[in-house]
Amino acid sequence: MTTQPVHFYQVGSFAVGNRLLRDEQRTVQSRADRTNSIDSGHRACQGCGEALGARYALDAAMRSSGGQIVAVNATGCLEVFSTPYPETSWRIPWLHSLFGNAPAVATGVAAALRAKGRGDVRVVAQAGDGGTVDIGFGCLSGMFERNDDVLFICYDNEGYMNTGVQRSAATPPAARTATTDVVGPEPGNVFGQGKDLPRLAMAHDIAFVATATVADLHDLEEKVERAMELHGARYLHVLVPCPLGWGSASNETIHLARLAQETGLFPVFEAEHGVVTHAKRIRRRVPVQDYLSLQRRYAHLFGAHPRPDVVERIQAMADANIERYGLLDVSDEEVSV
Amino acid sequence: MLRQIEGSRAIAETVALCRPEVVCAYPISPQTHIIEAIGAMVKAGTLAPCEFINVESEFAAMSVAIGASATGARAYTATASQGLLYMIEAVYNAAGLGLPIVMTLANRAIGAPINIWNDHSDAMAVRDAGWIQLFAETNQEAADLHVQAFRLAEELSVPVMVCMDGFILTHAVERVDILDQATVDRLLPPYEPRQVLDPADPVSIGAMVGPEAFEEVRYLAHLRQLDALVRVPQIASDFEVVTGRASGGLVNCYRTDDAETIVVALGSVLGTIKDAVDLRREVGERVGVVGITCFRPFPGDAVREALRGASQIVVLEKAFSVGFGGVLATDVAMSVHGDHHELRSVVAGLGGRPITRRSLEDLIGAAVRGDLPALTFLDLDHGSVDRERARMAKTRRSGPSAENLLRDRGTVGVAKARRES
């Protein structure tokens, strides 16, 4: 009989399969009693990071609350692909009002539940990056500042993908969008702009701020669980690659999310009351080029007229993140660079 | 209980008797005293259970009310003017979702130029939003209309806006009979929502609807408004049976039985018009007044009936559609179409310009003589306007017209002279 040794990391990715874990370490998704808060049959694109992130986040929230959640949704991809009546994918009470008001609507839901003595029912609000960092920011900052009992989740795909890939304040420098075209001397989105929402959230001194990606779904679930243990305003910022907007292969979504973290471009950390309590270390550092070159939105940086100078500036951003959050142990750096 | 009380205080106390569960507020004059008073009641614990939320904008205020109402709570807020415009997207949304939110609108002009005083431009800006809009003539009626508004809103799943003139009513201290809790409880049963966010029975609220059903959804909203035309007078009648006081309804007629000329208006100016009508009656003119309490839905049949005997209709309103003319006048004209009335549109009282009894007497006199043009701006200083038009024709960079007009009318010069003396 031939045998094959089982390697803990079989795919070269540090991803851990559920079958290699003890029962209690397995994801909510691997359980027969998962709630399927957002059910199959929705209209998300193949490889949609947002659909994946929302599914894990909401089912984890459902598990933490004993199935007692109300979800509020901003206008955006998630709202559109999950719902057109009568084909809703939501198996939880779900309310969509407008693009820019999800945090305030969630405040109203939480207030009503408090007035009615339903402290057992928890409120989760969700939006894309446009609904969070741009049009929803006023309401979000108000909800944070009042410390309303709402977990707000931003699924960040770095642009207005629902309307055809336009720039948001979460679009990274050099990225091509329909409103930051690859024309002129500095093609793509400009440097020196943009809003770092997790840090802005931390500045409100709220109980919990965390970032996550769909590359590490255990981590995402754990952060949702931690958030649900706490009360008051909580913020979770999840990086969700978008094959349509990023110009990436749909089977690269998880890989790209992992590279975003492993380059340092997207720091994964958590903070309580404005202080970073933990940052996920980079296990195998990669240069930003490995991440950028898989996405057509950065195609103008490579190819016939490469722009190593621009890539270098993006690398500097990654390096700054690594420095700021201490994402790299010295020993790791020797191995990976 | 009869009290000598500020209009805003009367509203706050009446809203509190309606047992709201979530009240959200963003300050804007002249609505502030209402929400300040409710906030104090919640903080003191005299209004409970109720959550009072100081939000960061009117857009958030209406959004919080939307979330609360969709969760089955009785939700209330108040605003005015720029605040209403800032929340307008959520105002439409609340109506589209069929959420029975009640909001006080302390009517105030819309800038620019910025102006905090009363007119009805704000209410007219949202007349098509799908809200029921009730206009109060007095503080007593404003208070009573709030009880009726919650009843109406919750029965029909339609939001209701109670419009009361900013400052003229909100800040006027006068006699108001504040109802007691038992009476309000008789008039207003607990809220039973048609749709609610409930983990035990999950529904999706506010999902997308395409061309295949959108028109039907909107038409249903129209039908619910038409239902209100039936329920508004019935609820007013119930109110009168329980309290012994006539308040609300669709339209209110004053000395119209034999009137040849009838003035139609909204809100507190009706009192002054009635005084002017009394005086014109003394000189033998057959004039009357029709006050419209329910502006949306527009009670076309009731208006037509009330105006049937008149040969001339004068619609006086504190708003207008720039580039066209009267807004209310258009609705009245549609209602009486084919009845062969002469219809005159009068725009008055913009930005708090006093509408004096004397001006109204002159206006009614001119109407009776047949001297009133199709569109009149009451007490407009045509000289100032003509001189500014001349300046604009003469000089390209004539500067801000608002400042030029104030200089022309002497206001700026006087202030400057006072400073220099």
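From N to C terminus, chain A includes twelve helices and eight strands. Its C-alpha radius of gyration of 20 Å places chain A within 12% of the 20 Å reference for a compact globule of 337 residues. C-alpha atoms of chain A, sized along the principal axes, occupy 65 × 60 × 40 Å. Relative to all contacts within chain A whose residues are 6 or more apart in sequence, the contacts with residues 24 or more apart total 70%.

Next up on the list: the pairing of strand S6 (residues 132–135) of chain B. All names here are of chain B. With burial as the criterion, each face of S6 is covered, one bearing Ile132 and Leu134 and the other bearing Gln133 and Phe135. The pairing of S6 with strand S7 (residues 160–165) spans four bridges and is classified as parallel. Across the sheet, Phe135 pairs through a bridge with Cys163, a residue of S7. Once you follow S6 into helix H7 (residues 139–156) and on to S7, the crossover reads as right-handed. Inspection of the sheet shows S6 paired to strand S13 (residues 294–296) by two bridges, in the antiparallel sense. Counterpart to Gln133 in the pairing with S13 is Arg296.

The biggest cluster of nonpolar side chains holds 230 residues, and the ones touching the most others in it are Val109 and Val238 of chain A together with Val22, Val64, Ala65, Val160 and Val162 of chain B. Broken down by element, this core gets its largest block of residues, ten residues, from helix H3 (residues 102–115) of chain A. Counting the residues that make up this core, at least three belong to each of domain 1 (2–243) and domain 2 (251–377) of chain B. Ignoring any residue separated from it by four or fewer positions in sequence, one finds Ala65 of chain B in contact with Gly108 of chain A together with Val22, Cys24, Ala75, Thr77, Ala94 and Ile101 of chain B.

This paragraph deals with the interface of chain B and chain A. If you look at the interface, chain B gives 36 residues, while chain A gives 37 residues. Going through the elements one at a time, strand S3 (51–54), helix H3 (58–70), helix H5 (88–97) and strand S9 (204–205) of chain B are the ones with two or more residues in the side of chain B that touches chain A. In terms of residue count, H3 of chain B provides more of the side of chain B that touches chain A than any other element does, nine residues in total. Grouping the amino acids of the side of chain B that touches chain A by side-chain chemistry returns 22 nonpolar, nine polar and five charged. Bridge count between strand S2 (residues 94–96) of chain A and S9 of chain B: two bridges; the pairing is parallel.

On to the sheet that holds S6 of chain B. In any sheet, the strands associate via hydrogen bonds between backbone groups, in a parallel or an antiparallel arrangement. Residues and elements named next belong to chain B. Read across the sheet, seven strands follow the order S3-S2-S4-S5-S7-S6-S13 without closing on themselves; strand pairing throughout is mixed. The strands lining the two open edges of the sheet, one partner per strand, are S3 and S13. Looking at each pair of strands side by side, their axes are set apart by 20° on average, direction ignored. Lying over the sheet, helix H2 (residues 32–44) contacts strand S2 (22–25), S3, strand S4 (75–79) and strand S5 (102–107), oriented at roughly 135° with respect to S2.

Now for the sheet that holds strand S4 (residues 151–156) of chain A. Strand order in this open sheet of nine strands is S8(A)-S7(A)-S5(A)-S6(A)-S4(A)-S3(A)-S1(A)-S2(A)-S9(B), and the pairing throughout is mixed. Across the chains shown, the open sheet's two edge strands, defined by having one partner strand only, are strand S8 (275–279) of chain A together with S9 of chain B. The pairing of strand S1 (residues 69–73) of chain A with S2 of chain A spans three bridges and is classified as parallel. Its bridge partner being in S2 of chain A, Val72 of chain A is matched across the sheet by Leu95 of chain A.

Now for the packing of H3 of chain A against H3 of chain B. Remark: H3 of chain A packs on H3 of chain B, axes separated minimally by 6 Å, with the N-to-C direction vectors making an angle of 45°. Taken together, the axis directions place H3 of chain A and H3 of chain B in an arrangement best described as oblique. Like other packed secondary-structure pairs, H3 of chain A and H3 of chain B cross with a definite hand, here right-handed. The residues of H3 of chain B that touch H3 of chain A, namely those facing Ala104, Val105, Ala106, Thr107, Gly108, Val109, Ala111 and Ala112 of chain A, are Ala60, Ser63, Val64, Ala65, Ile66, Gly67 and Ala68 of chain B.

We now examine unusual backbone geometry. The omega torsion across Ser29 of chain B and Pro30 of chain B is 0°, close enough to zero to call that bond cis. The step from Ala112 of chain B to Pro113 of chain B runs through a cis peptide bond, and the omega angle for that step is -5°. Tracing the sequence through the fold places Pro113 of chain B in the loop between S5 and helix H6 (121–125). Within the chain, Asn36 of chain A stands out as a residue other than glycine whose phi angle is a positive 50°. With respect to the helices and strands, Asn36 of chain A occurs in the segment before helix H1 (49–64). Among the residues examined, Asn36 of chain A registers 15 C-beta atoms within 10 Å and is labelled partly exposed. Even without being a glycine, Ser81 of chain B presents a positive backbone phi close to 45°. In this structure, Ser81 of chain B sits in helix H4 (residues 81–86).

This paragraph deals with the confidence of the model for chain A. Looking at chain A, pLDDT values average 93 and 93% of them are 70 or higher. Scored below 50 in pLDDT, residues 332–337 of chain A shows nine contacts in the model against residues more than four places distant or in partner chains.

For the rest of this paragraph, the subject is the packing of helix H11 (residues 300–307) of chain B against helix H12 (residues 327–335) of chain B. All names here are of chain B. The contact between H11 and H12 brings their axes to 8 Å, and the two run at 80°. With respect to H12, the element H11 is oriented roughly perpendicular. Residues Gly300, Val303 and Arg304 of H11 pack against Val332, Met334 and Ser335 of H12. Residue classes in the contact of H11 with H12 are distributed as three nonpolar, two polar and one charged.

Criteria and cut-off values
- Residues numbered from 1 in each chain as written.
- Chains lettered and ligands numbered in written order.
- Predicted model: local features only at pLDDT ≥ 70, side-chain atom pairs only at ≥ 80, totals over all residues.
- Helix = DSSP H or I, 4+ residues; strand = E, 2+ residues; numbered from the N terminus.
- Rg over C-alpha atoms; globule rule 2.2 N^0.38 Å.
- Contact = placed C-beta atoms within 7 Å.
- Buried ≥ 20, exposed ≤ 12 C-beta atoms within 10 Å, placed from the backbone.
- Pairing = 2+ DSSP bridges.
- Right-handed = clockwise from strand over helix to strand, strands pointing away.
- Core = buried A, V, L, I, M, F, W, Y, C linked by C-beta atoms within 7 Å.
- Domains from an automatic or database assignment.
- Nonpolar A, V, L, I, M, F, W, Y, C, P; charged D, E, K, R; others polar.
- Axes fitted to C-alpha atoms, helices over the stretch in contact; angles between N-to-C directions.
- Parallel < 35°, antiparallel > 145°, perpendicular 65-115°, else oblique.
- Left-handed = near helix turned anticlockwise from the far one by under 90°.
- pLDDT = per-residue confidence, 0-100.

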